[in-house]
Every structure is written in C-alpha cells, then in structure tokens.
Amino acid sequence: MSAALLELKGIEKVFGGLRAIGGVSFSVAEKQIFGLIGPNGAGKTTLFNVVTGVYTPEGGSIRFAGEEIAGWKPFRIARAGIGRTFQNIRIAGDMSVLENVLVASFQRRQAGLFGAIFRSARYESEERAMVKRAEELLELFGLLPQKNEDAGSLPYGAQRRLEIARALMLEPKLILLDEPAAGLNSSEADKLKEQIRWLRDKLGLTIVLVEHNMQVVMNVCDHVHCVDHGETIADGTPEHVRNDPEVLRAYLGADVSTEEMNEVVAVVSAHDAARGGKS
Amino acid sequence: MVCGLAVIYGVGWLVEATVSDYVGRIILQCGINVILAVGLNLINGTTGQFSIGHAGFMAVGAYSCAVTVIGIEDTFGAQLAVLPLPVAQGLVLTVGLLVAATFAGFAGVLVGAPSLRLRGDYLAIVTLGFGEIIRLLFNNADRLGGATGYSGGRPLGLPIYSNFFWVFSWAAIVIVVITSLTRSSYGRALTQIREDEISAESVGIPTTRLKVIAFVVSSMAAGIAGGLYGHMNGSVRPDDFKFDRSIDVIVMIIVGGLGSISGSVLGAIAITVLLEVLREAQQFRLIVYPLLLIATMLLRPEGLLGRRELSLSWLRTRLRGGAK
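These numbers were taken from a predicted model, which means no experiment stands behind them. (Residues numbered from 1 in each chain as written. Chains lettered and ligands numbered in written order. Predicted model: local features only at pLDDT ≥ 70, side-chain atom pairs only at ≥ 80, totals over all residues.)

1. So, the overall build of chain B
Now for step 1: Secondary structure assignment for chain B yields 13 helices and zero strands.
Now for step 2: Each helix and strand of chain B, placed in order from N terminus to C terminus, yields the pattern α-α-α-α-α-α-α-α-α-α-α-α-α.
Now for step 3: The C-alpha radius of gyration computed for chain B amounts to 20 Å, which stays within 12% of the reference 20 Å derived for 324 residues, consistent with globular compactness.
Now for step 4: Across the 324 residues of chain B, 49% fall into the buried class. (Helix = DSSP H or I, 4+ residues; strand = E, 2+ residues; numbered from the N terminus. Rg over C-alpha atoms; globule rule 2.2 N^0.38 Å. Buried ≥ 20, exposed ≤ 12 C-beta atoms within 10 Å, placed from the backbone.)

What follows is the structure in structure tokens.
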C-alpha cells in the first residue's frame with residue numbers, strides 16, 4: 001500500500017448539542033478508490049464538509065499530502081488539490097456549460113485584476129489555454145456539443161457529469177464524490193463505475209465516494225469505511241465490510257445471514273436507483 | 001478611446017447648444033445615475049450581495065471631490081490661470097474625481113471587509129447603517145458646512161464643472177471598465193458566488209476577497225458619481241444623500257434587470273426621466289411611482305432586460321424573428 005494521501009485522525013464535529021462526528025479516523029492511500037458508507041444521517045456528508053473546510057472540526061487532525069489542513073478556508077483546501085461534487089448538484093444554472101467549468105480555473109491564473117480588466121496579453125493567453133483545457137474536459141464527459149447552453153437546462157445525469165468536469169478543472173489530486181450515482185438509472189450507474197475507474201487509471205486521481213448504491217460501492221471501491229451515528233463501525237475491503245455484523249445491524253437493525261443481506265442489498269440498491277437515491 | 005471621447009465631446013456641444021437648461025440638467029442627472037446604477041449592479045446584480053447604502057459612498061465622493069477641487073484652486077489658482085479655462089477646469093475636476101474614487105473605495109474596504117466575510121444579509125444591514133452614519137457625520141461636520149452643506153466658502157457655491165462631456169466620459173469609462181470586469185474570469189467568479197457560494201469556494205475561488213473587490217469597485221463608481229453630482233449642483237448637502245437615493249438606485253437596477261449592465265443603463269435613464277415627468281403630478285407622484293413599480297414587478301418581474309445584455313447580434317436575431 002502506497003503512502004496515505006488523506007489521513008483523518010479522531011475527527012469530532014458538534015452542532016449545538018448534537019455530536020455529528022465522534023472520533024472518526026481513516027486514511028486514504030494514493031490512487032485508491034475509497035468508499036464511505038453508512039445509513040442515512042450517519043455523518044458521511046458532514047465528513048466531506050469537514051475535509052473540504054465547509055465545517056471546521058472541533059477536534060482531530062486532517063492531513064492531506066503531508067500538510068495539516070484542518071481549519072483552512074474551503075478555497076485554500078480546493079487549491080491544495082481536493083476537488084468535490086455535491087449530493088444535491090450545485091452548478092450555476094444561469095451560466096453556460098463551458099463557463100461552469102472555466103470558473104474552476106480562477107485560482108490558476110497569474111494575470112491579476114488589472115490584467116483581467118484591461119485584457120493584458122498574459123490574461124488573453126491564459127484565457128485561451130483555460131478554454132482549451134475546459135473544452136477537453138467537456139469532450140471527455142460528452143458535453144462539448146452543449147457547451148454554450150445554460151447548465152440548468154441540461155438533463156440530470158449530464159449535470160452530474162458537468163460537476164465532475166468542473167472539479168477536474170481544478171487539477172486536484174483527490175476528488176470527493178458525494179452520491180455520484182444518486183438519481184442515475186442502472187445503465188447510467190454502470191457507466192459511472194467505468195468513469196470512476198477511468199479517473200483513477202487514466203488521470204491518476206485518488207477518489208473518495210459517499211454512496212448508497214451498494215452495487216456501485218462493492219464493485220468499484222478498493223476499500224470501504226462504514227460509519228454510523230458519527231462513529232466508525234467497520235473498515236476494510238468491500239467483502240469484509242459487507243459481511244461485518246455491525247454493518248448489517250446498522251443498516252438492518254437485526255442479525256441477518258449473509259444470503260439475506262445480499263438479497264437486501266440487491267433490493268435496496270434497485271430501490272435506490274428507482275427513486276433517485278435521495279437520502 | 002480618443003474617438004469615443006471626441007464623439008461625446010461633439011454630441012455634448014450639440015446638446016448644450018440646443019436643449020434648455022432644465023432638459024440639460026436632466027440629461028446630466030441621467031448620466032450620473034447611470035454611473036450609480038452600473039456600479040451598484042456589479043455588487044447587487046452580478047455578485048448577488050445586497051447593498052442598500054450606495055448614497056453613503058456617493059456622499060463620501062461628493063465631499064472629498066468638492067474639498068479637493070476647492071483646495072487645488074485656492075492653492076494653485078495662479079498656476080492654473082495660465083491654462084485655457086476648460087482645460088484647467090477639466091484638470092481640477094479630474095483630480096477631484098480620482099480623489100473621490102479613492103476615498104469612496106477606501107470606505108468600501110472599511111464597510112465591506114468585515115461584513116462580506118459573512119454570508120447572508122449582513123451587508124444590507126451594515127450598508128444601511130453606514131449610509132445613515134455618513135450622512136449624520138457630514139450633518140455635524142461644521143467645517144464642511146454642517147446641515148447647510150459645503151460650498152467651499154464661495155458665495156456662488158461650488159464651481160459648476162460637470163458638463164455633458166465630463167459626465168458622459170466618466171459614464172463611458174465606468175461602463176467599459178465594469179463590462180470588461182464582468183466578462184472576465186473575475187466576472188465569472190462573481191457570478192458563481194451569486195449562484196452558489198459554497199460551490200464557488202469548492203473550486204478554489206476566494207469568495208470574501210472577490211466580494212470585497214466587487215464592492216470596492218462599486219463604491220468607487222458611486223464616489224465618482226457623487227463628485228460629478230456636487231459640481232453639477234453647485235453644492236453638496238447631507239440631505240442630497242438620504243436613504244431614498246440609495247433606494248432609487250436599487251429601483252433602477254431592478255427595473256432594468258438585475259445583473260444586466262445595459263439593463264442598468266436603461267433603468268437609470270427610465271427612472272430619472274420618470275421621476276421628472278411625475279413632478280407634474282405633484283403630490284400624486286408618491287402614489288403613481290410605487291404603482292408603476294408594482295406594475296413592473298407584476299408584469300416583468302425579471303426587469304426590462306432580465307439578465308440579458310442588449311447587443312447588436314441579439315437585436316438582429318430578435319428583428320429577424322419578428323419578420324418571420
């Protein structure tokens with residue numbers, strides 16, 4: 001196993017009297033596809049928000065590529081190389097598809113405010129390079145033909161892909177995907193699995209995903225971490241975690257056999273896909 | 001650019017030669033309101049942060065410009081007399097307006113830096129307070145004339161330097177700079193902030209810094225408008241910068257279409273003219289004006305232009321569509 005790219009130790013996050021995360025630790029190796037699972041309200045998205053700086057943790061440490069990033073502003077964490085997507089898609093519906101991707105190039109530009117206002121040669125050449133890069137990414141995600149359309153007018157699945165393309169424009173080392181399969185039908189979900197592997201194999205990215213679609217998780221992840229009530233209940237390979245009695249109890253609330261679990265998993269993921277996987 | 005200024009100069013000469021003083025003054029007011037509206041639109045429309053104290057920055061600009069102009073003339077009067085009169089006047093006014101923009105921009109940093117750190121409506125509350133505080137400060141600043149206003153100790157009031165050429169040249173500069181900013185990578189980042197601040201941060205945009213930049217640019221425009229206003233009016237009084245004026249500018253950009261620069265220009269002209277036309281209606285003005293606004297909100301809630309920009313290609317497709 002190669003060096004850990006992201007390492008969480010004893011993360012605590014409290015909202016008022018509610019302890020949302022109580023001492024979660026895990027580490028994500030470079031080029032790993034890491035699945036974060038758990039029942040609704042377990043604290044998965046909160047963990048994402050803690051890692052990306054939207055929330056500041058009350059305790060614990062987050063090391064990313066050798067640096068302690070807990071308490072950093074979100075934009076600084078993004079610049080350090082953590083891209084993300086959101087559970088409820090957050091693209092700018094009023095902006096064009098191309099602009100949505102270009103927005104993520106802001107931090108890499110050298111030409112300052114005056115360069116931008118007076119269109120300095122440097123600004124123009126940077127802009128050309130960024131547009132080229134953005135179009136390449138749109139091409140990869142099959143969105144190039146729609147580049148001038150309003151992002152809000154794209155179908156749901158395309159908006160999800162656009163969000164990933166935008167995150168990639170940051171040139172991150174690590175990408176956090178919050179329920180990428182939510183609302184996708186089963187053929188789209190299969191395509192997503194391919195895309196996730198492709199991100200790792202071709203772009204060399206490390207990926208952490210929160211997902212309720214167990215078929216996707218068990219298929220694509222190298223390593224799975226399960227939380228419940230803000231605490232770790234299992235950590236290991238997909239096979240190990242899916243058979244862990246604690247995990248079964250968290251999801252099903254009772255002792256069940258592996259066969260029953262498999263059956264339930266299949267039903268649940270089909271149900272998830274059918275109703276849009278909202279949590 | 002030289003070409004543009006020459007055109008403005010030519011049109012200005014023509015306008016000043018043909019229209020009455022009253023109409024000429026309304027035209028100048030239109031120009032000043034265009035500067036205010038286009039400036040405010042950058043922060044309220046493009047960036048989506050609600051500022052309701054634009055008159056405060058206008059006041060800062062008006063007073064600092066007037067004080068600078070009077071100061072320069074009192075100190076360097078003899079040297080300036082060497083220059084031809086329009087050149088000397090233009091030079092003094094330009095320096096005054098640059099000082100006005102600087103002071104207003106500085107006030108923008110003071111107000112914006114703490115309040116734009118937070119999400120939500122804090123900017124509205126702080127700018128509302130700022131507008132009133134500034135007005136009351138000037139009201140009580142005896143050296144600046146207190147409630148009767150500042151006229152540089154001159155019996156005839158401040159020199160009237162804001163003519164068609166200067167007002168519309170500055171309006172053009174403000175429009176060009178803000179349009180260019182809006183269409184650059186900065187403008188995209190500001191729009192992303194309006195649409196979703198959390199996702200803006202998630203793609204590496206320093207939201208606080210950018211909001212402050214937009215706010216400062218907007219304040220500087222208000223400062224320039226204030227400076228021009230003082231030297232059009234011949235005096236600056238605290239009562240010129242009451243809360244109503246901030247509201248008027250907000251109405252202009254909402255009627256024009258929040259986020260659209262050409263909409264702000266149209267809105268500014270429409271509201272300025274409307275307020276003058278309604279002067280005829282005397283006390284009914286305060287009934288007719290809101291009724292018209294309510295009608296606009298009901299019939300065209302997105303404003304005259306929505307978020308679109310007026311452009312030749314848009315007009316062309318529109319006309320072609322109409323011909324079919």
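Text resumes after the structure shown.
2. Comments concerning the overall build of chain A
Now for step 1: Helices and strands together make up the secondary structure of chain A, namely eleven helices and ten strands.
Now for step 2: Expected size for 279 residues packed as a compact globule is a radius of gyration near 19 Å; at 19 Å, chain A falls within 12% of this value.
Now for step 3: Considering only C-alpha atoms, chain A reaches an extent of 65 × 40 × 40 Å along its principal axes.
Now for step 4: Counting over 279 residues, chain A shows a buried share of 44%.
Now for step 5: Sequence-distant contacts in chain A: of pairs separated by 6 or more residues, those separated by 24 or more amount to 68%. (Contact = placed C-beta atoms within 7 Å.)

3. Quick word on the sheet that holds strand 8 (residues 206-210) of chain A
Residues and elements named next belong to chain A.
Now for step 1: One open sheet holds the six strands; their spatial order is 6-7-8-3-9-10, and the pairing between them is mixed. A single partner strand is all that each edge strand has here, and the edge strands are strand 6 (82-84) and strand 10 (231-236). Looking at each pair of strands side by side, their axes are set apart by 20° on average, direction ignored.
Now for step 2: Pairing geometry for strand 6 and strand 7 (residues 174-178), over three bridges, is parallel. Counted as the bridge partner of Arg-84 is Leu-176 from strand 7. (Pairing = 2+ DSSP bridges. Axes fitted to C-alpha atoms, helices over the stretch in contact; angles between N-to-C directions.)

4. A look at the domain arrangement of chain A
Residues and elements named next belong to chain A.
Now for step 1: When cut into domains, chain A gives domain 1 (1-81 + 172-279) and domain 2 (94-171).
Now for step 2: Placing a centre on the C-alpha atoms of domain 1 and another on those of domain 2 gives a separation of 28 Å.
Now for step 3: When its residues are assigned to classes, the side of domain 1 that touches domain 2 shows five nonpolar, one polar and two charged. (Domains from an automatic or database assignment. Nonpolar A, V, L, I, M, F, W, Y, C, P; charged D, E, K, R; others polar.)

5. Overview of the interface of chain A and chain B
Now for step 1: With 26 residues of chain A at the interface, the matching set in chain B holds 23 residues.
Now for step 2: Going through the elements one at a time, helix 2 (74-80), helix 3 (97-102) and helix 4 (113-117) of chain A are the ones with two or more residues in the side of chain A that touches chain B.
Now for step 3: Considering each element in turn, the side of chain A that touches chain B owes the most residues, four residues, to helix 2 of chain A.

6. Notes on the pairing of strand 8 of chain A
Along any regular strand the residues' side chains alternate between the sheet's two faces.
Residue and element names in this part refer to chain A.
Now for step 1: Strand 8 sits mainly inside the fold: five of its five residues count as buried.
Now for step 2: Covered by surrounding structure in strand 8 are Thr-206, Val-208 and Val-210 together with Ile-207 and Leu-209, the residues of both alternating faces.
Now for step 3: Strand direction decides the pairing type here: strand 3 (residues 33-37) and strand 8, joined by four bridges, are parallel. Bridged to Phe-34 within strand 8 is Val-208.

7. Observations concerning the sheet that holds strand 1 (residues 4-15) of chain A
Remark on secondary structure: sheet strands pair via backbone hydrogen bonds, oriented parallel or antiparallel.
Residues and elements named next belong to chain A.
Now for step 1: Taking strand neighbours across the sheet as the criterion, the four strands line up as 2-1-4-5 in an open arrangement whose pairing is antiparallel. Each edge of the sheet is formed by a strand with only one pairing partner; in this case those strands are strand 2 (18-29) and strand 5 (67-68).
Now for step 2: Two elements, strand 1 and strand 4 (residues 59-64), share five bridges in a ladder whose sense is antiparallel. If you follow Leu-8 over to strand 4, its bridge partner there is Ile-62.
Now for step 3: Along the sheet, helix 1 (residues 44-51) contacts strand 1, strand 2 and strand 4; its crossing angle with strand 2, the most-contacted strand, is approximately 70°.

8. Digging into unusual backbone geometry
Now for step 1: You will see that Glu171(A), though not glycine, has its phi angle at about 55°, which is positive.
Now for step 2: Notably, Glu179(A) is not glycine yet its phi reads approximately 50°, a positive angle.

9. Comments concerning the nonpolar core
Now for step 1: Core analysis: the largest hydrophobic core is formed by 169 residues, its most contacted members being Ile207(A), Ile35(B), Met58(B), Ile224(B) and Ala225(B).
Now for step 2: Looking at this core, the element that brings in the most residues is helix 9 (residues 207-233) of chain B, giving 14 residues.
Now for step 3: Shared between two domains, this core holds at least three residues of each, these being domain 1 (1-81 + 172-279) and domain 2 (94-171) of chain A.
Now for step 4: Each residue touching Ala225(B), except ones within four places of it in the same chain, is listed here: Ile32(B), Ile35(B), Leu36(B), Met58(B) and Gly61(B). (Core = buried A, V, L, I, M, F, W, Y, C linked by C-beta atoms within 7 Å.)

10. As for the packing of helix 2 (residues 21-46) of chain B against helix 6 (residues 164-182) of chain B
All names here are of chain B.
Now for step 1: Remark: helix 2 packs on helix 6, axes separated minimally by 8 Å, with the N-to-C direction vectors making an angle of 15°. The orientation of helix 2 with respect to helix 6, classified from their angle, is roughly parallel. Viewed along their axes, helix 2 and helix 6 form a crossing whose handedness is left-handed. Across the interface between the two elements, Ile-27, Leu-28, Gly-31, Ile-32, Val-34, Ile-35, Val-38, Gly-39, Leu-42 and Thr-46 of helix 2 pack against Phe-164, Val-167, Phe-168, Trp-170, Ala-171, Val-174, Ile-175, Ile-178 and Thr-182 of helix 6.
Now for step 2: Among the residues making up the contact of helix 2 with helix 6, the classes are represented as 15 nonpolar, four polar and no charged. (Parallel < 35°, antiparallel > 145°, perpendicular 65-115°, else oblique. Left-handed = near helix turned anticlockwise from the far one by under 90°.)

11. Side note on the pairing of strand 2 of chain A
Residues and elements named next belong to chain A.
Now for step 1: The pairing of strand 1 with strand 2 spans nine bridges and is classified as antiparallel. The partner of Ile-11 across the bridge, within strand 2, is Val-24.
Now for step 2: In this antiparallel pair of consecutive strands, strand 1 and strand 2, the connection spans two residues, and Gly-16 shows a positive phi of 55°.

12. Here we look at the environment of Lys242(B)
All names here are of chain B.
Now for step 1: Secondary-structure assignment places Lys-242 in the loop between helix 9 and helix 10 (243-256).
Now for step 2: A tally of 16 C-beta atoms within 10 Å means that Lys-242 is categorised as partly exposed.
Now for step 3: Put simply, Lys-242 and Val-34 are 208 residues apart on the chain and 18 Å apart in space, counted from C-alpha to C-alpha.
Now for step 4: Here Lys-242 is in contact with Ala-55 and Arg-135, once residues within four sequence places are set aside.

13. What about the confidence of the model for chain A?
Now for step 1: Predicted confidence across chain A gives a mean pLDDT of 89, with 92% of residues reaching 70 or more.
Now for step 2: Summarising per-element confidence for chain A, the mean pLDDT is lowest in helix 11 (residues 258-275) of chain A (69) and highest in helix 3 of chain A (96). (pLDDT = per-residue confidence, 0-100.)

14. Considerations on the environment of Leu47(A)
Residue and element names in this part refer to chain A.
Now for step 1: Tracing the backbone through its elements, the reader meets Leu-47 in helix 1.
Now for step 2: Between the C-alpha atoms of Leu-47 and Lys-13, which are 34 residues apart in sequence, the distance is 8.6 Å.
Now for step 3: Setting aside residues up to four positions removed in sequence, Leu-47 forms contacts with Ile-21, Val-24 and Leu-36.

15. Details of the packing of helix 2 of chain B against helix 9 of chain B
All names here are of chain B.
Now for step 1: Running from N to C, helix 2 and helix 9 cross one another at 165°; their axes reach a closest spacing of 7 Å. What the angle tells us is that helix 2 and helix 9 run roughly antiparallel. Crossing hand, helix 2 versus helix 9: left-handed. Here helix 2 contributes Leu-28, Ile-32, Ile-35, Leu-36, Val-38, Gly-39, Leu-40, Leu-42 and Ile-43 to the contact with helix 9, which in turn contributes Ala-214, Phe-215, Val-217, Ser-218, Ala-221, Ala-222, Ile-224, Ala-225, Leu-228, Tyr-229 and Met-232.

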